[in-house]
Amino acid sequence: MPRKVAYKTQIEHLQILDENGKLDAKLAKEQGKHLLSDEQVQQSYEHMTICRQYDEVAFKLQRSGRMGTFPQNKGQEAVAIGSALAARKGQDWLVSAYRENAALFMHGLPMHYVLTYWMGDERGSKIPEGVKITPLSVPIGTHMLHATGIAWAAKIRKEDSVALTYFGDGATSEGDFHEAANFAGVLKVPCIFICQNNSWAISVPREKQTASETFAQKALAYGMPTIQVDGNDLFAMYAATRQAHERARKGEGPSFIEAVTYRLADHTTADDASRYRDPKDLDAWKAKDPLIRLRKYLESKDLWTDEQQEALEAKAKAIVQEVVKTAEEMPKPDITDIFDYTFEELPESLRVQRDTMRTTSLGQDPEQAGLGARAAH
Amino acid sequence: MAELNLVQAINLALAQEMERDDRVMILGEDVGLNGGVFRVTDGLQKRFGEDRVVDTPLAESGILGTSIGLAINGMRPVPEIQFEGFLGPAYDQIVHHAGRMRTRTRGAVTVPMTVRVPVGGGIHAPELHSDSPEAIYSHHVGLKVVMPSTPYDAKGLLLAAIRDPDPVMFFEPKRVYRSYKEEVPEDDYTVEIGKAKIVSEGDDVTVITWGATVFQALAALDELPEDVSVELIDMRTIYPMDEDTIVESVMKTGRCVIAHEAARTAGMGAEIATILQEKCFLHLEAPVQRVTGFDTVMPYYKLENHYLPEAPRIKEAIEQVLAY
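Cut-off values and rules
Residues numbered from 1 in each chain as written. Chains lettered and ligands numbered in written order. Predicted model: local features only at pLDDT ≥ 70, side-chain atom pairs only at ≥ 80, totals over all residues. Heavy atoms only, no water. Contact = heavy atoms within 4.5 Å. Buried area = accessible area lost by both parts, 1.4 Å probe. Salt bridge = Lys/Arg side-chain N within 4 Å of Asp/Glu carboxyl O. Polar contact = N/O pair within 3.5 Å; in protein donor to acceptor, adjacent residues only side chain to side chain. Pairing = 2+ DSSP bridges. Helix = DSSP H or I, 4+ residues; strand = E, 2+ residues; numbered from the N terminus. Axes fitted to C-alpha atoms, helices over the stretch in contact; angles between N-to-C directions. Parallel < 35°, antiparallel > 145°, perpendicular 65-115°, else oblique. Left-handed = near helix turned anticlockwise from the far one by under 90°. Nonpolar A, V, L, I, M, F, W, Y, C, P; charged D, E, K, R; others polar. Buried < 20%, exposed > 50% of the residue type's maximum accessible area, 1.4 Å probe, protein only. Expected span 1.5 Å × (residues − 1). Patch = residues over 30% accessible without salt bridge, like charges linked within 9 Å, V, L, I, M, F, W, Y side chains within 5 Å. Areas by Shrake-Rupley, 256 points an atom, 1.4 Å probe, with all protein chains shown as cover. Lys, Arg positive; Asp, Glu negative; His and termini not counted. Charge placed at Lys NZ, Arg CZ, Asp CG, Glu CD. pLDDT = per-residue confidence, 0-100.

*Asks:* Could you give an account of the interface of chain B and chain A, naming the residues involved and the relevant values?
*Replies:* On the side of chain A, 44 residues touch chain B, which itself brings 45 residues to the contact. Of the roughly 3800 Å² buried where chain B meets chain A, counting both sides, 62% is carbon and sulfur surface. Contact with chain A buries surface across chain B, with B:N73, B:R104 and B:R106 losing the most and accounting together for 22% of the total. Taken together, chain B and chain A are joined by four salt bridges. The tally of links between chain B and chain A comes to 13 residue pairs in polar contact (both at pLDDT 80 or more).

*Asks:* An account of the sheet that holds strand β14 (residues 289-293) of chain B is requested, with residue identities and associated values reported.
*Replies:* Residue and element names in this part refer to chain B. In spatial order, the strands read β9-β11-β10-β13-β14; together these five strands make up an open sheet with mixed pairing. The two strands at the open ends of the sheet, each matched to only one other strand, are β9 (197-200) and β14. The mean angle between the axes of side-by-side strands here comes to 25°, regardless of whether they run parallel or antiparallel. Bridge analysis of strand β10 (residues 205-209) against strand β11 (residues 230-234) gives five bridges, and the strand direction is parallel. If you follow I208 over to β11, its bridge partner there is I233. Sheet contacts for helix α8 (residues 213-223): β9, β10, β11 and β13 (256-263); angle to β11, the most-contacted strand, approximately 170°.

*Asks:* Explain the packing of helix α7 (residues 175-187) of chain A against helix α3 (residues 60-72) of chain B to me, and be specific about the residues and the numbers.
*Replies:* The N-to-C vectors of α7(A) and α3(B) enclose an angle of 70°; their axes lie 9 Å apart at closest approach. One finds that α7(A) runs roughly perpendicular with respect to α3(B). Crossing angle aside, the handedness with which α7(A) passes α3(B) is right-handed. For the pair formed by α7(A) and α3(B), the contact residues are A:D176, A:E179 and A:F183 on the first element and B:E60, B:S61, B:G62, B:I63 and B:T66 on the second. Along the lines of polarity and charge, the residues of the contact of α7(A) with α3(B) split into two nonpolar, three polar and three charged.

*Asks:* Provide a residue-level description of unusual backbone geometry, including the pertinent values.
*Replies:* Across residues other than glycine, the phi torsion is negative in most instances, and most of the peptide bonds are trans. Residues and elements named next belong to chain B. With omega at -5°, the peptide bond leading from Y239 into P240 counts as cis. Relative to the elements of secondary structure, P240 occurs in the loop between β12 (237-239) and α9 (243-253). One non-glycine residue with positive phi stands out, namely R106, at about 50°. Note that R106 resides in the loop between α5 (101-104) and β5 (114-119). Residue R106 is classed as buried on the basis of its relative accessible area of 7%.

*Asks:* Just give me the short version of helix α12 (residues 306-328) of chain A, but keep the residues and values in it.
*Replies:* All names here are of chain A. The end-to-end C-alpha separation of α12 is 33 Å, in line with the 33 Å expected for 23 residues at 1.5 Å each. Residues of α12 that are buried include every one of Q309, L312, A316, V320, V323, V324 and A327, and no others. Looking at the buried side of α12, the elements it contacts are α2 (38-63), α5 (111-118) and α11 (290-300).

*Asks:* I'd love a proper account of a negative patch on the surface, names of residues and values included.
*Replies:* Residues and elements named next belong to chain A. Taken together, the side chains of E207, D278, D281 and D283 present a region of like negative charge at the surface. In this structure, E207 sits in helix α8 (residues 206-209). Given the relative accessible area of 60%, E207 is considered exposed.

*Asks:* Describe in detail the confidence of the model for chain B, supporting the description with residues and values.
*Replies:* Within chain B, residue pLDDT values average 97, and 100% of them lie at 70 or more. In the model output, the complex is listed with pTM 0.95 alongside ipTM 0.94.

*Asks:* Which residues make up the pattern of salt bridges, and what are the values?
*Replies:* Residue and element names in this part refer to chain A. Enumeration according to the criterion identifies 41 salt bridges over all chains in this entry. Salt-bridge contacts for E30 lead to K26; the nearest nitrogen and oxygen are separated by 3.7 Å. Pair noted here: E30 and K26 are both in helix α1 (residues 25-31), with a separation of four residues, about one helical turn. In terms of burial, E30 and K26 fall into one category: exposed. When the shortest N-O distance is used, the salt bridge between E329 and K325 registers 3.9 Å. Judged by relative accessible area, E329 falls into the exposed class, the value being 55%. A relative accessible area of 43% means that K325 is categorised as partly exposed. When salt bridges that share partners are traced, they join D340, E348, R351, R354 and D355 into one network.

*Asks:* A description of the environment of B:L232 should follow, citing residues and the corresponding values.
*Replies:* All names here are of chain B. Considering the arrangement of structural elements, one finds L232 in strand β11. You can call L232 buried: its relative accessible area is 0%. Distance from L232 to A217, taken between C-alpha atoms, is 7.8 Å for residues 15 residues apart in sequence.

Structure (structure tokens):
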């Protein structure tokens, strides 16, 4: 038998808006009615600016001891917004890790929830009714399986709903990533896998994460269409997600998007990236900032002025200030709150722990412990 | 009313619940065409179709992780893990997601799923096919842990588990799968999760056990002199535990033997002994005695019966607490 090629493919890289804010005319034309409108771009730019301000304020809150650890999204806003623009609020599901606040806000999560969560209050994870997201997921890579399951349920129940799940480059090393992608491929569920390749998993660079030339090619193993996009390009991110979304809704199964971007901040406020990151590298990526690029685009089309910028910055400050106020003014939760949701109905032993923790400090019924007025025996 | 074994009773419960509630689905390795390695799901795929009884890829974390997603989005998944030794890869999903989801979202997101797993030894299985993990999952919050010993209870508890709004670990003692039959009603009935069963009433000593060990305890009772009156309790649910039944019994008898297959250290026997110490200390006539697996690896099958709490060891413990 002669040798033959069993499988052959290539990975496409998509960039529609270049680093100088110039749109590729041919690619833009190809998008046709799916190209972002001027109004959408303006709104996205505003939203990204507000989220950038949110990040900066959150960082300051942590540094001044008003909040716990916080992971910034700085530099990756176009991935979140571009993909979330392709999702239908209240209908599609966003299953995120912990760095995609901008997408969650667009999808209906009130902005103070995320601060509440990082301020150490789990009520920040209490997703409001009708908002189709899952809570922030701290363990790496485990939540993608939930997205596959949610999409699977949508398929079984014949719901017109797509699940979008976000994860970093590091998460692709986890077993659950592969199980989630494999299940999604085999079961052909309406799920979109969005890998935010931001170059770092805390201090470990992309080169030490995988020997693959792209993260996008990993999806080939699971039989799903895959693409690498410029993650700092709102247009490319929207176009790729939109295409994956259409495929999912047509019953054609999952898709994979590798968004090449860069984490401009530290991993979290507990991290110090100067220990492992070359400043030159950082400067190069700062020039590719998705916000700068989008502003250049808007200015080139005479859709943006310095006055508008000034007004937006003031607006962003005011909004975030209000959000911080809401989060900080939330009354401290009652300690019994830790018990009340363990199960729908509290088992007797937990009820005793809840009802007696204040009086005995032991979480133990005083009578049963032989310490009460009517001691046993 | 038919005489059924544990496998048939569970199969009946699954079939009836799938008939009643179209959100219920089964997923796992080999559960479909093959009907599961123990044939517990036999015939269900043929009856309910490949969308509701799903042969999944071979990946335990995948099965449990997608079940969580299915449950979040409106289904009532009943995933099967073939043997308890394979729960390891799915541990993260069970403990860090399923068990915590309701609490951390303050009730906004819940995970109503029932994880079926054959557990325990005594069937000459290969390595990692004979352990008893009930203490591990009882220790983690937000999970209910159920282990029936009889076909009647298995059917009623499984229906209760599937209808439960919280995640339930449903452990099936594989040693009992085909070794015991009893009448199981066709009717829709449930056995309440969290309630123990008094198998036999007695005054001299309380024996507390569950799963396959219930039958070892019954065999031990047969070997005791006729004037020894033993109260035998089958816990049926490991968490939440029915403290009232065991405390009331030990208040009456003053003596207690706890028997379980899992290793001794930090096993559920330790928890029960502490509860008894807290709640009926002054009623105890003898130290609470534990008959358990050893703090060793569950041995390969030539020695497994030495590891398991077999009837002679239980009998000896009863005699010791009586003689104290």
